[in-house]
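Coordinate analysis (summary)
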Amino acid sequence: MATAAEHLRHLIHREGPISFDRFVEVALYHPDGGFFTRGRGAGRVGGDFITSPQVGSLFGALVARAYDGWWDSLEQPDPFVVVEAGAGDGRLASDVARVKPRCAGALRYLLVERSPVLRDAQRERLPLEPADEALGGFRRVWGEDDPVPATGSGPVFATIDELPAVTFDGVVFANELLDNLPFAVARWDGERWQEVLVGTDDADGGRFVELLVPAREEDDAALRARVHGIDIAPGARLPIARGIDDWFRRCGEMLRDGWCCVIDYAATTAELLTRGDGWLRTYAGHGRGLSPLEAVGEQDITADVAIESLLQAALAGGWRLIEQQSQADWLAALGIDELVEAGRRKWRDGAAAGDLEALAGRSVVSEAAALTDRAGLGAHRVFLLYKGH
Ligand SMILES: C[S@@+](CC[C@H](N)C(=O)[O-])C[C@H]1O[C@@H](n2cnc3c(N)ncnc32)[C@H](O)[C@@H]1O
């Protein structure tokens, strides 16, 4: 079995230097040795970084309230299809199931996850049905061209490895997916944009090295539009969001009417330009990793999402931005403060006896602090998009 690094070296020898997004694609998702393919990623013990679902069950309880709100706004359809993209080990979906949202009876919940190891981990947490049951349970009705869905049989959970090739009305939700979609890297040379490619230095054991070529014309034009009016120094770098463009296009094809909610660390192009190349990071074992060209397959490679690129990709996919806010504000609107107050009361009332309810109450308080911390997860941006009539 070739490792991700060996695969990349073969690829570069065969085709010459490759774009950074292709490098990321192999490093994270190569079938044999990709970082996520091997089941690495979000999690506390044994994980590499913490995401909001991994903080505890509170995040799922609040996302369940959001699902109920979107279900109401779509006039309580049954089935109510929710696609969770980049669903990881299924922690969020199982926390949603635990609180039994009002929409549960109608809920068809499709977890989309590329990593086979993480899809197996989902099986430990959730009773998974075949994917066509989650989207289907349809029946033929005389006089109707399309099959009519059977109702009242939720919640049904299923998992697949990519966005389904069917169309439906409902919701797409993605927490910390966009920052992991392959991105290319552009560099400003003072006059025009260049693209960073990855080659190998054969004199140095095949070490991966950067090479610069003129950016494609369409990228150069898009980057110039993004930085219009901003002073940029030679050497400045920005991500080119190729994976995000493709993802929103596919989501737009899949969802006829409904909501798309994506949460991620995101910043404006002007903010990214103040970060040098600090917008491109690697993580492993709950710490910062090495250069992205090292330890291939052993570390996460991630980029702050450029807000302008996200919105442009969403617009091109047929989406309309309804709201953009911090995770702290979004969770406040979903009622996190009242859950914290209830948790505090339980802790006060039961602390002396040390009962389990009291401990759960204390946990809600500390989870809420982490989820709304404006220097951490609370600063994530929540983008709520709508497509339809
Ligand atoms: C940073 S993790 C977030 C996991 C989870 N949403 C959470 O918040 O804990 C990103 C996940 O997205 C998955 N992923 C990346 N690209 C994907 C794609 N195109 N389709 C489905 N899953 C994808 C990765 O394998 C990884 O499990």
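Throughout this document, residue positions are counted from 1 along each chain, in the order its sequence is written. Reporting in this predicted model follows two pLDDT cut-offs: at least 70 for local features of residues, and 80 or more for side-chain atom pairs to be given and counted; totals over whole chains, interfaces and linings ignore these cut-offs and use all residues. Side-chain descriptors were evaluated using all non-hydrogen atoms of the structure, hydrogens and water having been removed beforehand.

**Considering the layout of surface pockets**
Test applied: Grid spacing is 1 Å over the protein atoms alone, the probe is 1.4 Å, and a cavity is where that probe fits but cannot get out, while a pocket is an open set with protein on both sides within 12 Å along at least five of seven lines and lining residues have an atom within 4 Å of a point. Grid points are joined across faces, edges and corners, and a volume is the space filled by probe spheres set on the points. What counts as a helix is a DSSP run of H or I of at least four residues, what counts as a strand is a run of E of at least two, and both are numbered from the N terminus.
The volume enclosed by the largest pocket comes to roughly 810 Å³. If you go around the largest pocket, you meet 42 residues; those closest to its centre are Tyr29, Gly86, Glu113, Arg114 and Leu177. Counting only elements with at least two residues in the lining of the largest pocket, the list comes to α2 (20-29), α3 (52-55), β2 (80-85), α5 (91-98) and α9 (242-254). Among the elements that take part in the lining of the largest pocket, α9 stands out by supplying five residues, more than any other.

**Re the sheet that holds strand β16 (residues 287-288)**
Applied cut-off: Think of it this way: DSSP has to see at least two bridges between two strands before they count as a pair. We call two residues in contact whenever any of their non-hydrogen atoms come within 4.5 Å of each other. Throughout, an axis means a line fitted to C-alpha atoms (over the contacting stretch in the case of helices), and angles, computed between N-to-C directions, take values from 0 to 180 degrees.
Spatially, the three strands line up as an open sheet ordered β16-β15-β17, and their pairing is antiparallel. Unpaired on one side and paired on the other, β16 and β17 (300-303) mark the two borders of the sheet. Packed on one face of the sheet, α2 meets β15 (280-284) and β17 and runs near 140° to β17.

**Section: the site of the ligand**
Our working definition: Near residues are defined by distance, with any heavy atom within 4 Å of the molecule or strand qualifying the residue. For the purposes of these results, a polar contact is taken to be a pair of N or O atoms within 3.5 Å, where, inside protein, one atom must be able to donate a hydrogen and its partner to accept one; residues adjacent in sequence count only when each atom of the pair is a side-chain atom. Note that accessible areas follow from Shrake-Rupley with a 1.4 Å probe, and for residues the cover is restricted to the protein chains shown. Each molecule is assigned to a cavity or pocket provided more than half of its atoms lie within 2 Å of the corresponding grid points. Classification convention: Asp, Glu, Lys, Arg as charged; Ala, Val, Leu, Ile, Met, Phe, Trp, Tyr, Cys, Pro as nonpolar; all other residues, Gly among them, as polar.
Near the ligand, the surroundings consist of 17 residues, among which Tyr29, Thr51, Gly86, Glu113 and Asn175 are the closest. A distance of 3.5 Å separates a nitrogen atom of the ligand from a polar side-chain atom of Tyr29. If the ligand stood free it would expose 600 Å²; the protein chains cover 93% of that surface. In this structure the site holding the ligand corresponds to the largest pocket. Counted by class, the shell around the ligand contains nine nonpolar, five polar and three charged residues.

**Section: the pattern of salt bridges**
What counts here: Any Lys or Arg side-chain nitrogen found within 4 Å of a carboxyl oxygen on Asp or Glu counts as a salt bridge. Exposed residues in this analysis have more than 50% of their type's maximum accessible area, buried residues have under 20%, and partly exposed residues fall in between, with area computed by a 1.4 Å probe over protein chains only.
According to the stated counting rule, one finds 27 salt bridges in the structure shown. With its nearest N and O atoms 2.7 Å apart, the salt bridge here joins Asp72 to Arg102. One end of the pair, Asp72, is in helix α4 (residues 58-73); the other, Arg102, is in the loop between α5 and β3 (107-112), with 30 residues separating them in the sequence. Asp72 sits in the partly exposed class, given a relative accessible area of 32%.

**A word on the nonpolar core**
Counted only if it meets this: For our purposes a nonpolar core is just a set of buried Ala, Val, Leu, Ile, Met, Phe, Trp, Tyr and Cys residues, chained together by side-chain atoms within 4.5 Å. Source of the domain bounds: an automatic or database domain assignment.
Grouped together as the largest cluster of nonpolar side chains are 43 residues, with contacts concentrated most on Phe20, Phe23, Phe183, Trp193, Phe208 and Ile301. Secondary-structure elements contributing two or more residues to this core are α1 (4-15), α2, β9 (184-188), β10 (193-201), β12 (237-240), α10 (269-273), β15 and β17. By residue number, the principal contributor to this core is α2, which donates seven residues. Counting the residues that make up this core, at least three belong to each of domain 1 (4-33 + 184-238) and domain 2 (52-182 + 241-333 + 382-386). Those residues in contact with Trp193 that sit more than four places away from it in its chain are Ala186, Arg187, Trp188, Pro214, Ala215, Asp220, Leu223, Arg224, Val227, Ile232, Ala236 and Leu238. Counting residues in hydrophobic clusters, the runner-up holds 41 residues, among them Leu128, Ile263, Leu331 and Val340.

**Things to note about the sheet that holds β2**
What the eight strands build is an open sheet, ordered β4-β7-β3-β2-β8-β13-β20-β19; its pairing is mixed. In the strand order of this sheet, the two ends are held by β4 (128-129) and β19 (320-326), each with one partner. Sheet contacts for helix α6 (residues 116-125): β3, β4 and β7 (156-160); angle to β7, the most-contacted strand, approximately 165°.

**Remarks on the domain arrangement of the protein chain**
Partitioning the protein chain into domains gives domain 1 (4-33 + 184-238), domain 2 (52-182 + 241-333 + 382-386) and domain 3 (334-381). Between the C-alpha centres of domain 1 and domain 2 the distance comes to 28 Å. Contacts between the two partners involve 29 residues from domain 1 and, on the opposite side, 22 residues from domain 2. The interface formed by domain 1 and domain 2 contains four salt bridges. For Asp21, the salt bridge goes to Arg242, with nearest N and O atoms at 3.1 Å. Inspection of the domain 1/domain 2 interface yields eight residue pairs in polar contact (both at pLDDT 80 or more). Counting only elements with at least two residues in the side of domain 1 that touches domain 2, the list comes to α1, α2, β9, β10, β11 (207-214), α8 (217-226) and β12. Among the elements that make up the side of domain 1 that touches domain 2, the one with the highest residue count is α2 (eight residues).

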